[in-house]
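# Observations on the model geometry
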Amino acid sequence: MVNYSFLCVYLFDFQIVNVNFIISLQLFFSYFKDLVGREVTVELKNDLAIRGTLHSVDQYLNIKLENTRVVDQEKFPHMLSVRNCFIRGSVVRYVQLPPEGVDIELLHDATRREARGG
């Protein structure tokens with residue numbers, strides 16, 4: 001079923017939404033590029049959580065993981081043999097980062113710049 005009220009709002013505000021969306025994507029894209037080679041856990045919208053080494057990420061936040069393993073192996077036994085995977089950005093719910101991979105000051109500065117509009 002199509003939600004026409006959302007569609008209409010989206011179409012009328014396309015330029016504003018699109019600009020804000022692109023700015024947010026670029027912020028995350030540049031941050032994730034710095035995490036290449038580190039271990040991350042990606043939780044998908046279907047509750048599947050996959051841990052692996054971040055191999056690459058693109059501007060759409062599509063993620064490629066290597067040396068993967070499923071976090072909940074009992075719930076997803078059919079995924080045990082998967083060692084490398086490509087994850088479409090639109091199906092990602094969360095990306096859990098290693099504690100040493102989080103630069104709090106960098107995130108605070110980027111958030112402040114975005115809040116000021118530049």
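Attention here is on the structure that accompanies the text.

### Quick word on the overall build of the protein chain
The secondary structure content of the protein chain amounts to 3 helices and 5 strands. Listing every helix and strand of the protein chain by position from the N terminus yields α-α-β-β-β-β-β-α. Per-residue burial for the protein chain yields a buried fraction of 25% across its 118 residues. Of the contacts formed within the protein chain by residues at least 6 apart in sequence, a portion of 49% connects residues at least 24 apart.

### Examining unusual backbone geometry
Unusually for a residue other than glycine, D47 sits at a positive phi of about 75°. For D47, the position within the fold is in the loop between β1 (39–44) and β2 (49–57). What makes D47 partly exposed here is its relative accessible area of 40%. Of note in this structure, N67 is not a glycine but carries a positive phi near 50°. Note that N67 resides in strand β3 (residues 63–70).

### So, the environment of V40
The residue V40 is located in strand β1 in this model. Judged by its relative accessible area of 2%, V40 falls in the buried class. Residues V40 and R51, spaced 11 residues apart in sequence, show a C-alpha to C-alpha distance of 5.7 Å. The residues touching V40, leaving out its near neighbours within four places in the chain, are I50, R51, G52, L54, L65, V95, Q96, L97 and P98.

### Here we look at the sheet that holds β3
Pairing within the open sheet is antiparallel, and its 5 strands lie in the order β4-β3-β2-β1-β5. The open sheet has two edge strands, β4 (85–87) and β5 (92–96), and neither has a second partner. With strand direction ignored, the average angle separating the axes of adjacent strands in the sheet is 45°. Relative to β3, β2 is paired through 6 bridges, and the arrangement is antiparallel. Bridge assignment links S56 to a residue of β3, and that residue is K64.

### Comments concerning the nonpolar core
In this structure, V42, L44, I50, I63, L65 and I87 are the most contacted members of the largest nonpolar core, which totals 19 residues. If you list the elements that add at least two residues to this core, you get α2 (14–33), β1, β2, β3 and β4. For V42, the residues in contact, after removing those within four places along its chain, are L48, A49, I50, I63, L65, I87, V92, Y94 and V95.

### Some thoughts on the side chain of N62
Topologically, N62 is positioned in the loop between β2 and β3. For N62, a relative accessible area of 13% gives the class buried. Polar contacts involving the side chain of N62 include one to the main-chain amide nitrogen of G89, which spans 2.7 Å. Apart from the residues lying within four places of it in its own chain, the contact partners of N62 are S56, V57, F86, I87, R88 and G89.

Procedures and definitions
- Residues numbered from 1 in each chain as written.
- Predicted model: local features only at pLDDT ≥ 70, side-chain atom pairs only at ≥ 80, totals over all residues.
- Heavy atoms only, no water.
- Helix = DSSP H or I, 4+ residues; strand = E, 2+ residues; numbered from the N terminus.
- Buried < 20%, exposed > 50% of the residue type's maximum accessible area, 1.4 Å probe, protein only.
- Contact = heavy atoms within 4.5 Å.
- Pairing = 2+ DSSP bridges.
- Axes fitted to C-alpha atoms, helices over the stretch in contact; angles between N-to-C directions.
- Core = buried A, V, L, I, M, F, W, Y, C linked by side-chain atoms within 4.5 Å.
- Polar contact = N/O pair within 3.5 Å; in protein donor to acceptor, adjacent residues only side chain to side chain.

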